[in-house]
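Listed here are the chains, written in short residue letters.
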Amino acid sequence: MLSSLSAGSNVLIQGASRGIGLEFARQLLAEPHVDRIFAACRSPAGAAALSSLAARDPRLQLLALDVSDEDSIRAAAAAVGSATPRLHLVVNCAGLLHDAAAGIAPEKRLVDVRPDALSASFAVNAFGPLLVAKHFEGLLAHEERAVFASISARVGSIGDNRLGGWYAYRGAKAAQNMFTKTLSIEWARSRRNVICVALHPGTTDTDLSRPFQANVAPEKLFSSERTVRQLLAVIDALQPEDTGRFLGWDGTGIPW
C-alpha cells in the first residue's frame, strides 16, 4: 500500500491506454486510498484493455486527451475539474520514440534528422507534460501532498550521453527535463504541496522499446508490472526536498 496517499486521493494518468500508463491504472486501482483515477489517452474508445478495466471498476474514469492538442488538454482538465476539486497524483506517461506509419525512427546519423520527426517528438515528449501542468495546476492548489511526475528517459540526460544518435528523442526528453525542473521552481513558490519530478523507468518491455531490445541484458529489461511497482515506490518515498529532481527507477539521482 502507498503510505503517502491519504484516503480519498484522486489520480490523473496521462497516456493510460497501454504500456506503463495502463499498468499504473491497474496497480493504482489496487490502492485502497485511491478514490478515483482519471485515465487519459487520445482515443479511449479504441483502448480495449483500458476500457475493460473501467468496466470492472467504476473508480476508473476514461478521458480523451491528446497531448499534442492544447484544446484537448484544456477540455480534459475541465472534465476532471467538474468531477473533483483536487488531484493528488499526476503521472505523464505518453511518449513517442518511433511511428512506422509516419516514418519516424530514432536517428543513427545527422543525415537522418527530419523537421517533422523533431516536431512530433517535442510535441509529445516535451510540450505535452508542460501543457498538462498548465491546465491541471488549479487542481493541485490545495494543502495536501501532491506529486506531479513525468516519465522521462536516461537518454535525455546530457551528462550521461555517451553514444549519441537519437536526436529527436534525446532532445525532446532533455527539454522535458528542463521544463520539469523549471516548473518545480515556480511551484516551490506557488504550490508548495506539490513535489515535481522526472522519472526514468528503466528499459521496459513495451511497444515503445520493443524494436530496440536486442542488446538489452535480460536482467535489465523490466516488465510493465515491475517498472510501475518500482516507480510507485519511488513516488511514495518522495519528500518535499526532492522536488525538481531527475530520479531513476531505484530512486537514485540521474545527471541532467
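Going by the structure above, here's the rest.
Everything in this summary refers to the structure shown in the same document. These numbers were taken from a predicted model, which means no experiment stands behind them.

Attention now goes to helix 3 (residues 70–83). Taking 1.5 Å per residue, 14 residues should reach 20 Å; helix 3 reaches 20 Å between its end C-alpha atoms and fits that length. Residues of helix 3 that are buried include every one of Ser72, Ile73, Ala76, Ala77 and Val80, and no others. Buried residues of helix 3, seen end-on, are gathered within an arc of 135° and therefore sit on one face of the element. Among the exposed residues of helix 3, those oriented more than 90 degrees off its buried face are Asp71 and Ser82. Between a side-chain oxygen at the N-terminus of helix 3 and the backbone nitrogen of Asp71 the separation is 3.0 Å; the capping residue is Asp69.

One finds Ile13, Phe24, Leu28, Leu50, Leu60 and Leu199 to be the most contacted residues of the largest nonpolar core, which totals 36 residues. Elements represented by at least two residues in this core include exactly strand 1 (9–14), helix 1 (19–29), strand 2 (34–41), helix 2 (48–56), strand 4 (89–92), strand 5 (146–151), strand 6 (194–200) and helix 6 (224–237). Of all the elements, helix 1 adds the most residues to this core, at six residues. With residues near it in sequence (within four places) discarded, Leu28 still touches Leu2, Val11, Ile13, Val34, Ile37, Leu89 and Leu232. Ranked by size, the runner-up nonpolar core spans 25 residues in total, among them Leu12, Ala76, Val124 and Leu140.

Let us now look at helix 1. Where burial is concerned, most of helix 1 is hidden: nine out of the 11 residues are buried. Taken together, the buried positions of helix 1 are occupied by Ile20, Gly21, Leu22, Glu23, Phe24, Ala25, Gln27, Leu28 and Leu29.

Spatially, 3-2-1-4-5-6-7 is the arrangement adopted by the seven strands of the open sheet, whose pairing is parallel. Both edges of this open sheet fall to strand 3 (60–64) and strand 7 (246–248), since each of them pairs with a single strand only. Geometrically, the sheet is characterised by an average inter-axis angle of 20° between neighbouring strands, direction not taken into account. Relative to strand 4, strand 1 runs parallel, the two being bridged by four bridges. Each bridged residue has a counterpart across the sheet, and for Leu12 the counterpart in strand 4 is Val90. Its contacts with the sheet place helix 2 against strand 2 and strand 3, and it is angled at close to 145° to strand 3.

So, how was this worked out
- Within each chain, residue numbers correspond to sequence positions counted from 1 in written order.
- Under the rules for a predicted model, residues below a pLDDT of 70 receive no local features and side-chain atom pairs below 80 are neither given nor counted, while totals for whole chains, interfaces and linings still include all residues.
- Side-chain measures were taken over the full set of non-hydrogen atoms in the model, leaving aside hydrogen atoms and water.
- Working definition: helices are DSSP H or I runs of at least four residues, strands are E runs of at least two. Numbering for both runs from the N terminus.
- By this rule, a helix spans an expected 1.5 Å times one less than how many residues it contains.
- Accessibility here uses a 1.4 Å probe with only protein chains present; expressed as a share of the type maximum, an area under 20% marks a residue as buried, one over 50% as exposed, and anything in between as partly exposed.
- Summarising the geometry, the arc corresponds to the directions from the helix axis toward the C-beta atoms.
- Think of a polar contact as two N or O atoms within 3.5 Å of one another; within protein, one of them needs to be a possible hydrogen donor and the other a possible acceptor, and neighboring residues in sequence only count if both atoms come from side chains.
- Throughout, nonpolar core names a set of buried Ala, Val, Leu, Ile, Met, Phe, Trp, Tyr and Cys residues whose side chains join them through atoms within 4.5 Å.
- Pairs of residues are marked as contacts when any of their non-hydrogen atoms sit within 4.5 Å.
- Pairing between strands is defined by DSSP: at least two bridges between them are needed.
- Axis definition: a line fitted to C-alpha atoms, limited for helices to the stretch in contact. Angles are taken between N-to-C directions and run from 0 to 180 degrees.

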